[in-house]
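Listed here are the chains, written in short residue letters.
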Amino acid sequence: AVLKKRLVKLVVNFLFYFRTDEAEPIGALLLEHCRITKEQENVFSISFIEEPERKYCFECDSEEQCQEWIEALKRASYEFMRRSLIFYRNEIQKMTGKDPLEQYGISEEARFQLGTRKQ
């Protein structure tokens, strides 16, 4: 394995990475269908279901920082956001008796799922 020092920035569900001396990212990881794993002290990894043999390892300055990154990355996926939206939508509806998304033209029949279109 080749170790390289990189700066990273999380934007919604993309983890951009930069060389330490450049302002533009050199790449990005789309945090969907991935596994975030604690490897060792101050180190976590990201691997993808489609390519489980390829693993991106990240070393943090502290254990606390490592845990913060792991939690932030786990919350960054579309799937996590979708489940959260459904949960909070149901909770608000239980408390108020109204669907909070109705005012935005999203009916009770609306589904928050990724579907595969058959052609």
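Per an unreviewed UniProt entry, the protein is named Pleckstrin homology domain-containing family J member 1, and its organism is Opisthocomus hoazin.

**Q** Residue-level account of the overall build of the protein, with values.
**A** Helices and strands together make up the secondary structure of the protein, namely two helices and six strands. Listing the helices and strands of the protein from first to last along the sequence gives β-β-β-β-β-β-α-α. Out of the 119 residues in the protein, the part that is buried amounts to 23%. Here the contacts in the protein between residues at least 6 apart in sequence split such that 27% fall between residues at least 24 apart. Surface exposure of the protein reaches about 9500 Å², of which carbon and sulfur atoms provide 51%.

**Q** Explain the sheet that holds strand S6 (residues 51–59) to me, using residue names and the numbers behind them.
**A** Taken together, three strands build an open sheet; the order of strands is S4-S5-S6 and the sheet is antiparallel. Edge positions in the sheet fall to strand S4 (34–40) and S6, since each of these pairs with one other strand and no more. Pairwise comparison of adjacent strand axes, ignoring direction, gives a mean angle of 25° for this sheet. Relative to S6, strand S5 (residues 43–48) runs antiparallel, the two being bridged by six bridges. Residue Ser 45 lies in a different strand from S6, and its bridge partner there is Cys 57.

**Q** Describe the environment of Ala 76, naming the residues involved and giving the relevant values.
**A** By secondary structure assignment, the location of Ala 76 is in the loop between helix H1 (63–74) and helix H2 (78–96). Classification of Ala 76 by relative accessible area gives buried; the value is 4%. In this structure the C-alpha to C-alpha distance between Ala 76 and Leu 10, which are 66 residues apart in sequence, comes to 8.3 Å. Aside from chain neighbours lying at most four places away, what touches Ala 76 is Leu 10, Val 12, Asn 13, Leu 31, Glu 32 and Met 81.

**Q** So what about a nonpolar patch on the surface? Which residues, and what values?
**A** A surface patch of nonpolar side chains, amounting to about 240 Å² of accessible area, comprises Val 11, Val 12 and Met 81. As for its position among the elements, Val 12 is in the loop between strand S1 (6–11) and strand S2 (14–19). Its relative accessible area of 57% is what places Val 12 among the exposed residues.

**Q** Provide a residue-level description of the pairing of S4, including the pertinent values.
**A** In this structure, S4 lies alongside S5, joined through six bridges in antiparallel fashion. Bridging from a neighbouring strand, Gln 40 pairs with Val 43 of S5. The hairpin formed by S4 and S5 contains two residues between the paired strands, and Asn 42 there has a positive phi angle of roughly 70°.

**Q** I'd like to hear about the sheet that holds S1, residue by residue, with values.
**A** Within the open sheet, the three strands sit side by side as S1-S2-S3. Their pairing is antiparallel. Because the sheet does not close on itself, it has two edges, and the strands there are S1 and strand S3 (27–30). Here the average twist between neighbouring strands, direction ignored, is 25°. As judged from the four bridges shared by S2 and S3, these two strands associate in the antiparallel manner.

**Q** So what about H2? Which residues, and what values?
**A** Taking 1.5 Å per residue as the helical rise, H2 with its 19 residues ought to reach 27 Å, and the 26 Å between its terminal C-alpha atoms agrees with that figure. The positive-phi residue at the C-terminal boundary of H2 is Gly 97, with phi of around 80°.

**Q** Quick rundown of the nonpolar core? Include the residues and the values.
**A** With 13 residues, the main nonpolar core has Leu 15, Phe 44, Ile 46 and Leu 73 as its most contacted residues. Going through the elements one at a time, S5 and H1 are the ones with two or more residues in this core. Those residues within four positions of Phe 44 in sequence are excluded, and the remaining contacts are Ile 36, Thr 37, Lys 38, Glu 39, Tyr 56, Cys 57, Phe 58, Cys 60, Cys 66, Trp 69, Ile 70 and Leu 73.

Reading guide: rules and limits
Residues numbered from 1 in each chain as written. Predicted model: local features only at pLDDT ≥ 70, side-chain atom pairs only at ≥ 80, totals over all residues. Heavy atoms only, no water. Helix = DSSP H or I, 4+ residues; strand = E, 2+ residues; numbered from the N terminus. Buried < 20%, exposed > 50% of the residue type's maximum accessible area, 1.4 Å probe, protein only. Contact = heavy atoms within 4.5 Å. Areas by Shrake-Rupley, 256 points an atom, 1.4 Å probe, with all protein chains shown as cover. Pairing = 2+ DSSP bridges. Axes fitted to C-alpha atoms, helices over the stretch in contact; angles between N-to-C directions. Patch = residues over 30% accessible without salt bridge, like charges linked within 9 Å, V, L, I, M, F, W, Y side chains within 5 Å. Salt bridge = Lys/Arg side-chain N within 4 Å of Asp/Glu carboxyl O. Expected span 1.5 Å × (residues − 1). Core = buried A, V, L, I, M, F, W, Y, C linked by side-chain atoms within 4.5 Å.

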